[in-house]
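# Breakdown of the fold
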Amino acid sequence: MKITWVRRICQVFFLLLFLWFCLVTTVGTAWWQLRGWPVNWFLQLNPLTALGLILGTGALPSGLEWAMLTIVLTVILGRFFCGWVCPFGTLHQAIGWLGLRRASPAEQCMRHAFRPAQRMKYYLLTFLLAAAAVGLLTRAAGFLMKISPRWQAVQGMAAGSLQAGWLDPLAFMHRAVNLVLLPLADRWTQALWIGPRFHQGAALIGGLFLAALLINLWIPRFYCRYLCPLGALYGVLGRFALWRIGKKQDACSNCLLCEADCEGACQPAGRIRAHECVLCMNCLHSCPDDLIGYRTARSKSGERPAPDLTRRGVVASLLAGFMVAPFSRLTGRRDPRLIRPPGSRLERDFLARCIRCGQCMRICPTNILHPSISEAGLEGFGSPVAKYSLGTGGCQLRCVACTQICPTGAIRPLSLDEKLGRGTHAADGPVRMGTAFVDRGRCLPWAMNRPCIVCQENCPVSPKAITIQEVFEPSPGGDLAVIRADQLTLYFDETLLPASRNATEDTYCRITDGPDNRPRRVVEWTGSQLGIDPNDPWKAPPVKGAGAELLMHLQRPVVDPKQCIGCGVCESVCPLTVRRAIRVTPDNETRDPPSGFLL
Amino acid sequence: MSARPMDPQRRDFLARGLKAAAAIAVTGAVGHGLGWKTARDHKDEPGEWRLPDFSKPGIEPRLGIVTGPDRIRNLQKAMDALGGWSSYVGPGDRVLLKVNAAFASPPSIGATTHPDLVAETIAQCFRAGASRVVVTDNPIHEPAACFEWSGIGAAARATGADVWVPRDRDFKPVTLRGGRLIRRWPALHAPFEGINRLIGLAPVKDHYRSGASLTLKNWYGLLGGKRSVFHQDIHTLIAELAQLVRATLVILDGTSAMIRNGPTGGSLSDLKATHTMIVSTDPVAADAFGVTLLGRKASDLPHLARAAAAGAGTASYEMLNPIRIQAGPS
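Only a predicted model underlies this, so the values are computations on that prediction, with no experimental measurement involved.

## Re the overall build of chain B
Secondary structure summary: chain B contains 9 helices and 11 strands in total. Over its C-alpha atoms chain B spans a radius of gyration of 28 Å, topping by over 25% the 20 Å that the globule rule assigns to 330 residues. Sorting the 330 residues of chain B into buried and exposed places 54% on the buried side. The contacts of chain B with a sequence gap of at least 6 include a subset with a gap of at least 24, amounting to 74%.

## Remarks on empty space enclosed by the protein
Residue and element names in this part refer to chain A. Throughout the structure, instances matching the rule amount to 12 cavities of 30 Å³ or more. What the largest cavity holds in volume is close to 140 Å³. For the largest cavity, the lining is made up of 18 residues, of which Gly 78, Gly 238, Arg 244, Ala 274 and Cys 277 are closest to its centre. For the lining of the largest cavity, the elements supplying multiple residues, two or more each, are α13 (229-237) and β1 (244-247).

## Digging into the pairing of strand β3 (residues 132-136) of chain B
All names here are of chain B. Counted residue by residue, β3 has 4 buried out of 5 residues, so it is predominantly covered. For strand β2 (residues 94-99) and β3, the ladder comprises 5 bridges, and the chain directions are parallel. Opposite Leu 96, over in β3, you have Val 134 as the bridge partner. Handedness of the crossover joining β2 and β3 through helix α3 (residues 115-127) is recorded here as right-handed. With 3 bridges joining them, β3 and strand β4 (residues 162-164) adopt parallel strand pairing. Along β4, the bridge assignment pairs Thr 136 with Trp 164.

## A short note on the domain arrangement of chain B
The domain architecture assigned to chain B consists of domain 1 (7-44) and domain 2 (63-326). Between domain 1 of chain B and domain 2 of chain B, the C-alpha centre-to-centre distance is 60 Å.

## A look at the environment of Thr 70 of chain A
All names here are of chain A. When you line up the elements, Thr 70 lands in helix α4 (residues 66-77). Judged by relative accessible area, which is 2%, Thr 70 ranks as buried. In this structure the C-alpha to C-alpha distance between Thr 70 and Gln 396, which are 326 residues apart in sequence, comes to 37 Å. Beyond its immediate chain neighbours, meaning those up to four positions away, Thr 70 contacts Leu 45, Pro 47, Phe 80, Phe 81 and Tyr 234.

## Things to note about a nonpolar patch on the surface
Residue and element names in this part refer to chain A. There is a patch of nonpolar side chains on the surface, built from Trp 97, Leu 98, Leu 210, Leu 214, Leu 217 and Trp 218 and spanning about 660 Å² of accessible area. Mapped by element, the contributors of at least two residues to the nonpolar patch are α6 (87-100) and α11 (202-214). Within the fold, Leu 98 resides in helix α6.

## With respect to the packing of aromatic side chains
All names here are of chain A. This model, assessed by the stated rule, comprises 22 aromatic pairs over all chains. Ring geometry for Phe 88 and Tyr 223: centres 5.1 Å apart, planes at 65 degrees, overall edge-to-face. Of this pair, Phe 88 sits in helix α6 while Tyr 223 is found in helix α12 (residues 222-227), placing the two residues 135 residues apart along the sequence. One exposure class covers both Phe 88 and Tyr 223, and it is buried. Between Phe 172 and Tyr 223, the aromatic rings sit 5.5 Å apart at their centres with planes inclined by 75 degrees, giving edge-to-face as the arrangement.

## Section: the domain arrangement of chain A
Residue and element names in this part refer to chain A. Along its sequence, chain A is carved into domain 1 (3-295), domain 2 (336-438 + 560-599) and domain 3 (466-559). One C-alpha centre belongs to domain 1, the other to domain 2, and the line joining them spans 31 Å. Listed by partner, the interface residues are 39 residues for domain 1 and 33 residues for domain 2. Across the interface of domain 1 and domain 2, roughly 2,900 Å² is buried in total on both sides, 56% from carbon and sulfur atoms. Looking only at domain 1, the three residues that lose the most surface to domain 2 are Leu 162, Arg 197 and Gln 200, adding up to 22% of its buried area. Between domain 1 and domain 2 we count 0 salt bridges in total. Counting across the interface, domain 1 meets domain 2 through 23 residue pairs in polar contact (both at pLDDT 80 or more). At the level of elements, α1 (3-24), α3 (47-57), α9 (151-157), α10 (169-189) and α11 are the ones that each hand at least two residues to the side of domain 1 that touches domain 2. For the side of domain 1 that touches domain 2, the element with the most residues is α10, which contributes 6 residues. Split by residue class, the side of domain 1 that touches domain 2 holds 21 nonpolar, 16 polar and 2 charged.

## Thoughts on helix α15 (residues 311-330) of chain A
Residue and element names in this part refer to chain A. Under the 1.5 Å per step criterion, the end-to-end length of α15 is 28 Å for 20 residues, consistent within 8% with the ideal 28 Å. Along its length, α15 reaches its greatest deviation from straightness, about 40 degrees, at Val 324, and the proline Pro 326 lies no more than four positions downstream. Of all the positions in α15, only Gly 313, Ser 317, Gly 321, Val 324, Ala 325, Pro 326 and Ser 328 are classed as buried.

## Brief notes about the interface of chain A and chain B
Contact with chain A, which involves 43 residues of that partner, is made by 39 residues of chain B. Of the roughly 3,300 Å² buried where chain A meets chain B, counting both sides, 47% is carbon and sulfur surface. Contact with chain B buries surface across chain A, with Ile 194, Arg 398 and Glu 457 of chain A losing the most and accounting together for 22% of the total. A salt bridge links Asp 506 of chain A to Arg 209 of chain B, with the nearest nitrogen and oxygen atoms 3.1 Å apart. Here chain A is connected to chain B by 20 residue pairs in polar contact (both at pLDDT 80 or more). At the level of secondary structure, the elements contributing two or more residues to the side of chain A that touches chain B comprise α21 (454-458) and β6 (466-481) of chain A. Among the elements that take part in the side of chain A that touches chain B, α21 of chain A stands out by supplying 4 residues, more than any other. Per-class residue counts for the side of chain A that touches chain B are 21 nonpolar, 13 polar and 9 charged.

What counts, and at which threshold
- Sequence order as written defines residue numbering, which begins from 1 separately in each chain.
- Chains and ligands are labelled by the order in which they are written, letters from A for the one and numbers from 1 for the other.
- Per-residue local features of the predicted model are confined to residues with pLDDT of at least 70, and side-chain atom pairs are confined, for both listing and counting, to 80 or more; whole-chain, interface and lining totals are unaffected and use all residues.
- Heavy atoms throughout the structure, all of them, feed into the side-chain values; hydrogens and water do not.
- In this description a helix means any DSSP run of H or I spanning at least four residues, a strand means any run of E spanning at least two, and both kinds are numbered starting from the N terminus.
- In this description the radius of gyration comes from C-alpha coordinates, and the expected globular size is given by 2.2 Å times residues to the power 0.38.
- Exposure classes here rest on a 1.4 Å probe applied to the protein chains alone. A residue is buried below 20% of its type maximum, exposed above 50%, and partly exposed in between.
- Pairs of residues are marked as contacts when any of their non-hydrogen atoms sit within 4.5 Å.
- Buried and open spaces are told apart on a 1 Å grid over the protein atoms alone, a cavity being a set of points where a 1.4 Å probe fits but cannot get out and a pocket being an open set with protein on both sides within 12 Å along at least five of seven lines. Residues with an atom within 4 Å of a point are the lining residues.
- Grid points are joined across faces, edges and corners, and a volume is the space filled by probe spheres set on the points.
- For two strands to count as paired, DSSP must find a minimum of two bridges between them.
- When the strands point away from the viewer and the path from the first strand over the helix to the second turns clockwise, the crossover is right-handed.
- An automatic or database domain assignment provides the domain bounds reported here.
- In this scheme, patches are assembled from residues that exceed 30% relative accessible area and form no salt bridge. Like charges are connected within 9 Å, while nonpolar side chains (Val, Leu, Ile, Met, Phe, Trp, Tyr) are connected within 5 Å.
- Where accessible areas are quoted, they stem from the Shrake-Rupley method and a 1.4 Å probe; at the residue level, only the protein chains shown are allowed to cover.
- We define a salt bridge as a side-chain nitrogen of Lys or Arg found within 4 Å of a carboxyl oxygen belonging to Asp or Glu.
- Working definition: rings of Phe, Tyr and Trp (its six-membered ring) pair if their centres are within 6.5 Å, and the pair is stacked with planes under 30 degrees apart, edge-to-face with planes over 60 apart, and tilted otherwise.
- For any pair of parts, buried area is found by adding up, for both, the accessible area (1.4 Å probe) each one loses once the two are put together.
- Pairing of N or O atoms within 3.5 Å defines a polar contact, subject to two protein rules: one partner must be a possible hydrogen donor and the other a possible acceptor, and residues neighboring in sequence count only if both atoms are side-chain atoms.
- Each residue is assigned to one of three groups, with Ala, Val, Leu, Ile, Met, Phe, Trp, Tyr, Cys and Pro labelled nonpolar, Asp, Glu, Lys and Arg labelled charged, and all others, Gly among them, labelled polar.
- The length a helix should cover is 1.5 Å for every residue beyond the first.
- Bend is the name given here to the angle between axes fitted to two runs of seven residues, the run ending at a residue and the run starting at it.

Structure (C-alpha cells):
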C-alpha cells in the first residue's frame, strides 16, 4: 500500500474519532453518551493551548500532558499532526482536492505554489503567545510588589489573555461541530436533545467555518498555510526533525509534478521549506524518477529551515500581542451583568484560560451556556455566558457537567458537594452564580394583581430563596353595596356585580362597614350573589347598604438573597418570556466576593 | 409573394417572445397553484388528539387507605382490598404509568414518585399479564436527569418497563370539550400509542399555589408548552385536567409527605413520616383524603370541589366507604 493511502486512512480515522467524541459529549448513561469517553483528547493534544496556559498562568491543567506527546513526536517527525491527524486539516485537504481534481498540472502547480504571505501564521502565533505571556509580567509584578507597591498597578492591568482559541483549529472545529453542525443535524434526528438546540452567535461561528472550508476551492489548505497558529508552532517545533522530506539528489528533470500535489506548498522541487511541509507524502509518489524520500538526511537541493520572518514583523506582532490585555481592559469593564458558568474562576483568571472551545456549551443539558457576543467584552468574545432566558431551564441544581468538562480549568471542576455546599464544603456554602431580582413592574402578582408564583414553586433550594408576601388588593369595580345578606351569602344589584373573570379561589370579599372586616374567600359567584367559604361565616350577617369590597388575594414573590444561588431556574420558568419578570444578575457571585451586596 | 428567408433579428425576437411567454405561464401557474393550495390548507384543521377514557368499566369507585411504615406492604394490602391487581390490569394490557419525575433530585428528598413504588407497580402489572408497561412524565428539570436522579429510570429498566423521556415531537394539541383553559394545548401523545390502561403514581407534596400536589396535580406533567401560564388560574386548570384524564387507577404515596417547601423540597426536614398509602379509582377522593396528611382540609383545595362538580369524582371520600387497613411494620 502506498504511504499516501496509509495517510488517508489515518486522516479519516482521526476525523471520525473527532466527530464521535463530539457526538458522545452528551449527558447521559447510554454507551454512546458521556461516560468516560476522552472527549477532550484532541484539545489536550494541543501544544498551543498548553503553551498559552503555561505562559499565561504558570500551570498546566491535568490532561494537557498529552500535548507533550505531540511535541515530542513533532520534534522527531515534523508536522505529522497537520497532515495525518488534524480533523480540520483533513477537511481542508478534501475540499482542496475537490476543487483541483480536474485542473491541469500547471494549474495545480499554481494553486499549490508557495506564497510569501504564508509567513502570516508565524506572526499570528507570535501575537497570540505574546498576549498570553503578559501573564508572566503579572507574576513578576507580584514579586516586585514586595519592593514597591506601585507594581500593583501593573499586576491589575496586565494579566495574560488567552486568545489562541479563536484561530486554534481544534477549538475552531469543536465550536463549529458542537454549536452549529450537531444542533442543525439534530433537527432531523432528534437523538441528542429533547428539543431544538440554540446558540447565540451560531450564524457567525457557522459562517466562519463555512468560509474557512470553501476558500480551499481557490487555495487548497488556505487555513493551514496562512492562518493556523498551531501549524506555525509545529513548523517551529519541527525545525530539527530527525526525519524530513527531501530530494535524494540535487539534479532532476524539474518537471514540478511534486509541487503540483503539495499540500503544504513547501516547494519540494527546490530548496524545500521544511517548516511548511505537512508530511502529506504526495511528492514521494508523484516524482517520476523516485528522487524524493522521507529520510534522515536533508534534501540534496538544500533547505530553508526557518520561515523568512522580518525583525520588524516579529517586533510588531509581539508588541501588538502584549497590548491586547492592557488595551482591552482600558476599554472598560465587561458588561456587569455577565454570568459565568458555576465554578468559573475570577474573570481575569478565567480569560487567561478559556480557549472558547464550546465544550461547556455543548454539554450543558439545559442549553443555557452561550458564546459571548458583547457580554464579556472584546477580550472575552466567544467565552461562555449563562443566559437563563435562552435555555430550556436554569442551571440544574445537581449538575456539574460544564465544570468537569472544561479542558483548561477556566471553569474549576466542582464536585456535587462543593457546588451544593455540603460535606467538607458546608462551611463555604453553595456556589452562587448570582442573585435573582423580581421586576415588580412586570411580575404578574406585583404589577397586574394576577396570581402566578411559578418562580417560587420551582426554586430548587431548601428553604426556598423565594418567599411569599400575602396581600389583599382591591379588585377594579369591586366597591359594592349589599342589598341583603345572610351568614354565607351576599346579594347585590345584578347590574353592579362585575362578571367573574378571575379565579374565584383568589377572590375575597370584605365588609367595609362594621366590626368584622376580615376578608372571606369567595367560593360562589353568580349573577347577583357571592357565597363565601362555609368554614368561615360572618358572625352577624352584614346589614343592608353595608359597603362590600372585592379583593384579590395575591401571593407575591420576594427573593431572599441569603438563600439565592443565582441558578436562574426562576428566570427560565417565568411565564413572561419577552422579558422575564424575575432575572438573575451576578450580584453576590461566589467567584467574586466584592460583588456581594449583603452586609 | 415569394418566400423570403426570415430576418434573423425577427427570428431571435420570436424565440425570445416564446421563452418569455413560457416563463410567464409557469410563474402564473405556480403562483395560482400555490395560492389555491394555501387557501385550501387554511381551512384544514390540524390534527388534534383526544385522550381516551382509561377507567375500567363496571367498577364502582373504590378507595383503599392503608397505614403502616412499609411502602410496598401498604400497596400490596391496598390492592388486595381493592380486588387485586387483576381487577385493573388484564392479560395483554398495555399500561402507562404517569409518575411524578418533575425534578432531578434523589428519592430521599421525596419530590418525585418513589422508585420502589414504581418497581412494585410495574412488577404487579406484568404479573397480572400486562404485555407492556411504559413509564413517563414531562418533567420541569432536564428530563433525562430527572429519570436518573429520581431512581425511576433504573427501577423501570430493572423491572422490564420502558422509560419514555419526552421530546418535542411527542406532543400533540388537546382540547377539553367545554373547557376554558385546555384548548389546543400541547400534551404528551406519543407514549400513549397503543396504551389501554393508565395508572397515576404521585407523592404527597406541599404546593404553595394549588394547596397540595397530589394525584390530580400530577396530570399537569402531561402538558407541554409554556404551561406555567396556567398558574394564574391553577384550580380551574387542575379541575379541567381531572375531566380530561380518566385513569384506570391512582396511587397516592403518603409514606412520607413533603409538608413544606414544596413541590421541590430539598431537605429531609421538609418531610414527615405520614405512613399512609392511598389507592383509588377516584382521584378526587384520593386527593381529598391525601391532603389531610398535610394537615389541610379538602376545602383548602378548591379544585377538588370543581372537579367533583364536573363529574370527575367525589370530594366526600367517606361516601365511597373507604377500606381502611392497619398494616403495621413488615
